[in-house]
Amino acid sequence: MAWEIQGTHTHMHVCKYKYTYTHAHKGQTRINTDMYTHAETHISTHTALRVGHQLPSDRSLSVNFISLFLPGRAPTLWHGPEQTPGQSWALSSPTACSALFCLAELGDGEKTRLGPQLQHGLKRPHQGCGSSPRQKHCRKQQLELTRKYLQLLRTSAQRHCGDGVPKPGQTFGAHQPYVPPILQWSRATAPLDPREGAVLGDPKTEDSTDMSLQDLFNFKASKGPRVTVLLGKAGMGKSTLARRLCQKWAEGQLDHFQALFLFEFRQLNLITRFLTLPQLLFDLYLSPEAGPEVVFQYLKENASRVLLIFDGLDEAIYPCSSKDTLGPNGSGPALTLFSALCRGTLLPGCWVMVTSRPGKLPACLPTEAATVHMWGFDGLRVEEYVSRFFSEQPAQEVALAELQGNGHLQSLCAVPALCQVTCLCLRHLLSGNAPGQSAALLPTVTQLYMQMVLTLSPPGSLPAKSLLGLGEVALRGLEVGKVIFYAGDIPPAIMAFGATHSMLTSFCIHTDSGHQEIGYAFAHLTLQEFCAALHLMASPSVDKDILTSHVTLNSHWVLRTRTRLNLSDHLPTFLAGLASLTCRPFLRHLAQRNEAWVGARQAAVLQVLRKLATRKLTGPKVVELCHYVAETQESELASLTAQSLPYQLPFHNFPLTYRDLSALTSILEHRADPIHLDFEGCPLEPHCPEALAGCGQVETLR
């Protein structure tokens, strides 16, 4: 086969060509051949290309398309008609012409060797640069392009995940201390080489805590999917840990991985078009400055050193079946790509880590994936976090004394997100209250968030109209499964209020190749739920029937069942908490209505809870009901709930935390009769049975 191209060369680019042989008498057989080359080329505006070949007479050559990739530019595509031997093309696109310049650079020996390979359908190896000086230079340039991209990945990770830089979802937009949570392997999927069931992370050490994050990956695994599922309830720090991994990789501490990609399903939900894997990596994450196909080929060849982190699997809104299949070059929704990565049909050998709330794992996730439970903070970690938050004396000593003197507040702080909110509120309260009084102002999660809103609001005033407007945006988002908003979704005045007072964060969203938009989200999903609860309780536009329809019990089984997206796990908790008599003055000011109007809405919520308390409920719903009742601070409702529980109370196959058992204990204290508790197949947070200590109503425990 002979190729002839007229032109000169002056600048760098990377190009790819494909062509097809067509059998004239035996039907059509496609033999796609790829070549990647670096060529210093400048083609004039009109260049003639003459194609000839040495093929049997029963075959003709058809050039289907030419695809060219240039630094900083989208791929250009040129379609050519079917050609006959010796026919010339007059091409007006210099980039299309230069895409075939690689063939002119080949010597006669290479051309002769290329022809037979193509006739037998053999692909030219990507790394087949041979031994000629030009080909060695080609390979060197390919490696240099890859090296630059890998360094670009680290630089980007340092910018977006490094300390001191605001990140999407970081509460209140300020730098916060980091204390590693408790991470525990599931017994069913614990790897053989690490300590089985080991609790990872020691809050008393600095470097070793972060190095223990490497234990999330079983590097000795040689077969099967390399998938780690990190399960944790809301506020346990799953997203924070994902960014921490990204940051530590950028600093060189996770040295096993050459490349790391971090995706959030809440952003991937915005992409409705089908994607290929290169589009997911380069268009939606970070594009190489040049040579994307060279870089992608390197990632495929070194997949065992590539880590992809997907945060918030429970927030994925597009269905995905375990039967969905996707070939190496196929395209599909983001969740289908995720499934193919987990199953090894895309980028085989790569590592995948995904975070999720328990009970929302889709069927497309492989059952052999390793499972790690995130349990939040124990007492030692709570003290460590508070000490770092209040880094200066005497505030540190006073804050620790407040915490140690209030057992209920300590149980709240077992959830890292609540520990952060508690510290923020204490910093505001300590200056104006006597010792021991500040913690008493934070008896429930709802009142903790209420105090946070007061802390973030302008001094001496509560902007009722702005808060209700923000709550309307929050509720509308929860109802349609939306946690990211665009500028058109939020009125400008409401957006300014939320951004000024650190309730909303903003960040760039990659929506298409080279296209970005600004997205907005609440600082945490629980804050969105709290604002939605404020709107339901205090807005005159919401009637009582709509209000009470949101007071429901959610089941949180850890089974891999197909469930609909539900972002309102904590909304009923906040509604129950706002029904507390303590919250009535706050709601009156917010609603600008009298006490009778507010009291009627609170009574409607309590009435629904009374009906729920008398029903026969499964274990997960009993736990949820205990949380709701504890938030109301209504002793009569607590007594009704406690007396309605059966003598034998079973809890089967769902995770339980220290806070869960603390809520149960607070209800059982109102029970006159003894009770038997049965925990079967329940992953338990370490030390969480200590929450039952001193509860005389528990007669037996299994």
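Conventions adopted
- Residues numbered from 1 in each chain as written.
- Predicted model: local features only at pLDDT ≥ 70, side-chain atom pairs only at ≥ 80, totals over all residues.
- Heavy atoms only, no water.
- Buried < 20%, exposed > 50% of the residue type's maximum accessible area, 1.4 Å probe, protein only.
- Helix = DSSP H or I, 4+ residues; strand = E, 2+ residues; numbered from the N terminus.
- Pairing = 2+ DSSP bridges.
- Right-handed = clockwise from strand over helix to strand, strands pointing away.
- Axes fitted to C-alpha atoms, helices over the stretch in contact; angles between N-to-C directions.
- Contact = heavy atoms within 4.5 Å.
- Parallel < 35°, antiparallel > 145°, perpendicular 65-115°, else oblique.
- Nonpolar A, V, L, I, M, F, W, Y, C, P; charged D, E, K, R; others polar.
- pLDDT = per-residue confidence, 0-100.
- Salt bridge = Lys/Arg side-chain N within 4 Å of Asp/Glu carboxyl O.
- Core = buried A, V, L, I, M, F, W, Y, C linked by side-chain atoms within 4.5 Å.
- Polar contact = N/O pair within 3.5 Å; in protein donor to acceptor, adjacent residues only side chain to side chain.
- Left-handed = near helix turned anticlockwise from the far one by under 90°.
- Arc of directions from axis to C-beta.

The name an unreviewed UniProt entry gives the protein is NACHT domain-containing protein, with Marmota monax as the organism.

Trainee: Sorry, what's going on with helix 25 (residues 658-668) here?
Mentor: Note on helix geometry: an α-helix contains 3.6 residues per turn, so any two residues three or four positions apart are oriented the same way. Burial of helix 25 is extensive: nine of the eleven residues sit out of reach of the surface. Among the residues of helix 25, those classed as buried are Arg 659, Asp 660, Leu 661, Ser 662, Ala 663, Leu 664, Thr 665, Ile 667 and Leu 668.

Trainee: Would you take a moment to explain the pairing of strand 17 (residues 648-652) for this structure?
Mentor: For a regular strand, the rule is simple: side chains alternate between the two faces of the sheet. Of the two faces of strand 17, only the one carrying Leu 649 and Phe 651 is buried; Gln 648, Pro 650 and His 652 on the other face are not. Sheet topology note: the strand 17/strand 18 (residues 675-680) ladder contains five bridges and is parallel. Its bridge partner being in strand 18, Pro 650 is matched across the sheet by Asp 678. A crossover links strand 17 with its parallel partner strand 18, the connecting element being helix 25, and its sense is right-handed.

Trainee: Sorry, what's going on with the sheet that holds strand 19 (residues 698-701) here?
Mentor: Each strand in a sheet pairs with its neighbour through backbone hydrogen bonds, running either in the same direction (parallel) or in the opposite one (antiparallel). Strand order in the open sheet formed by three strands is 17-18-19, and the pairing between neighbours is parallel. Two strands in the sheet have a free side with no partner beyond their single neighbour: strand 17 and strand 19. Within this sheet the neighbouring strands show an average axis-to-axis angle of 20°, counted without direction. Strand direction decides the pairing type here: strand 18 and strand 19, joined by three bridges, are parallel. Within the sheet, the bridge partner assigned to His 676 lies in strand 19 and is Thr 700. Each of strand 17, strand 18 and strand 19 is contacted by helix 25, which is oriented at about 165° to strand 18, the strand it contacts most.

Trainee: Where do I start with the environment of Ile 494 in this structure?
Mentor: Within the fold, Ile 494 resides in helix 17 (residues 492-500). Measuring from C-alpha to C-alpha, the distance between Ile 494 and Lys 465 comes to 9.1 Å, with 29 residues separating the pair along the chain. Those residues in contact with Ile 494, other than ones at most four positions away along the chain, are Lys 465, Ser 466, Gly 469 and Leu 470.

Trainee: Please explain the packing of helix 15 (residues 445-456) against helix 20 (residues 571-578) as it appears in this structure.
Mentor: For any two helices packed against each other, the geometry is given by the interaxial angle and the distance between the axes. Helix 20 packs onto helix 15 with a crossing angle of 85° between their chain directions and a minimal axis gap of 8 Å. Taken together, the axes of helix 15 and helix 20 are roughly perpendicular relative to one another. Residues Val 445, Thr 446 and Tyr 449 of helix 15 pack against Thr 573, Phe 574, Gly 577 and Leu 578 of helix 20. In terms of residue class, the contact of helix 15 with helix 20 is made up of four nonpolar, three polar and no charged.

Trainee: Explanation requested: the confidence of the model for the protein in the structure shown.
Mentor: Low-confidence regions, as indicated by low pLDDT, have predicted coordinates that should not be scrutinised in detail. Confidence along the protein averages 76 in pLDDT terms, with 71% of residues attaining 70 or more. Note that pLDDT drops below 50 for residues 163-173; the model gives that stretch 35 contacts with residues more than four away or on any other chain. For the stretch residues 192-198, pLDDT sits under 50, and the model shows 13 contacts to residues farther than four places along the chain or on other chains.

Trainee: Would you take a moment to explain the pattern of salt bridges for this structure?
Mentor: If charged atoms from side chains of opposite charge come close, those side chains can pair. Counting across every chain of the model gives 13 salt bridges. Across the pair Glu 680 and Arg 702 runs a salt bridge, and its minimum N-O distance is 4.0 Å. Highlighted residues: Glu 680 in strand 18 and Arg 702 in the segment after strand 19, separated in sequence by 22 residues. Judged by relative accessible area, Glu 680 falls into the partly exposed class, the value being 41%. For Arg 702, a relative accessible area of 55% corresponds to the exposed category. Linked through salt bridges whose partners overlap, the residues forming this network are Asp 314, Arg 357 and Asp 569.

Trainee: Please explain the nonpolar core as it appears in this structure.
Mentor: Nonpolar side chains in soluble globular proteins tend to end up buried together. Residues Phe 261, Leu 308, Phe 310, Phe 338 and Phe 651 are the most contacted members of the largest nonpolar core, which totals 190 residues. Ranked by residues supplied to this core, first place goes to helix 18 (residues 525-538) with ten residues. Ignoring sequence-local partners within four residues, the contact set of Phe 338 consists of Phe 265, Phe 310, Leu 313, Val 352, Val 354 and Leu 365.

Trainee: Would you explain the side chain of Gln 184 in this entry?
Mentor: Structurally, the position occupied by Gln 184 is in strand 8 (residues 182-185). Within the structure, the side chain of Gln 184 is placed 3.1 Å from the side chain of Trp 375, a separation counted as a polar contact.

Trainee: Could you clarify how one ought to interpret unusual backbone geometry in this entry?
Mentor: A negative phi angle characterises most non-glycine residues, just as the trans form characterises most peptide bonds. Here Gln 393 and Pro 394 are connected by a cis peptide whose omega angle stands at 0°. Checked against the element boundaries, Pro 394 lands in the loop between helix 11 (379-389) and helix 12 (395-404). You will see that Leu 347, though not glycine, has its phi angle at about 45°, which is positive. Relative to the assigned elements, Leu 347 resides in the loop between helix 10 (334-343) and strand 13 (351-356).

Trainee: Before we go on, may I ask you to explain the packing of helix 21 (residues 584-591) against helix 22 (residues 595-613) in this structure?
Mentor: Interaxial distance between helix 21 and helix 22 falls to 9 Å at its minimum, and their mutual angle equals 115°. The crossing of helix 21 and helix 22 is right-handed. Listed contacts from helix 22 to Arg 584, Leu 587, Arg 588 and Ala 591 of helix 21 are Glu 595, Trp 597, Val 598, Gly 599 and Gln 602. Residues that form the contact of helix 21 with helix 22 fall into these classes: four nonpolar, two polar and three charged.

Trainee: Honestly, the side chain of Ser 539 in this entry has me stumped. Any pointers?
Mentor: The topology assignment puts Ser 539 in the loop between helix 18 and helix 19 (544-549). Within the structure, the side chain of Ser 539 is placed 2.7 Å from the side chain of Ser 541, a separation counted as a polar contact. Residues contacting Ser 539, with those up to four places away along its chain left out, are Leu 468, Leu 534, Trp 597 and Arg 601.

Trainee: How should the environment of Glu 368 be read in this particular structure?
Mentor: When you line up the elements, Glu 368 lands in the loop between strand 13 and strand 14 (370-376). According to the relative accessible area criterion, Glu 368 is partly exposed, its value standing at 49%. Sequence-wise, Glu 368 and Thr 228 are 140 residues apart; in three dimensions their C-alpha atoms are separated by 9.5 Å.

Trainee: Help me understand helix 17 in this model?
Mentor: What helix 17 keeps buried is the set Ile 494, Met 495, Phe 497 and Gly 498. Angular distribution of buried residues about the axis of helix 17 spans 160°; they occupy a single face of the element. Among the exposed residues of helix 17, those oriented more than 90 degrees off its buried face are Pro 492, Ala 493 and Thr 500. Within two residues after helix 17, Ser 502 carries a phi angle of roughly 60°, on the positive side.

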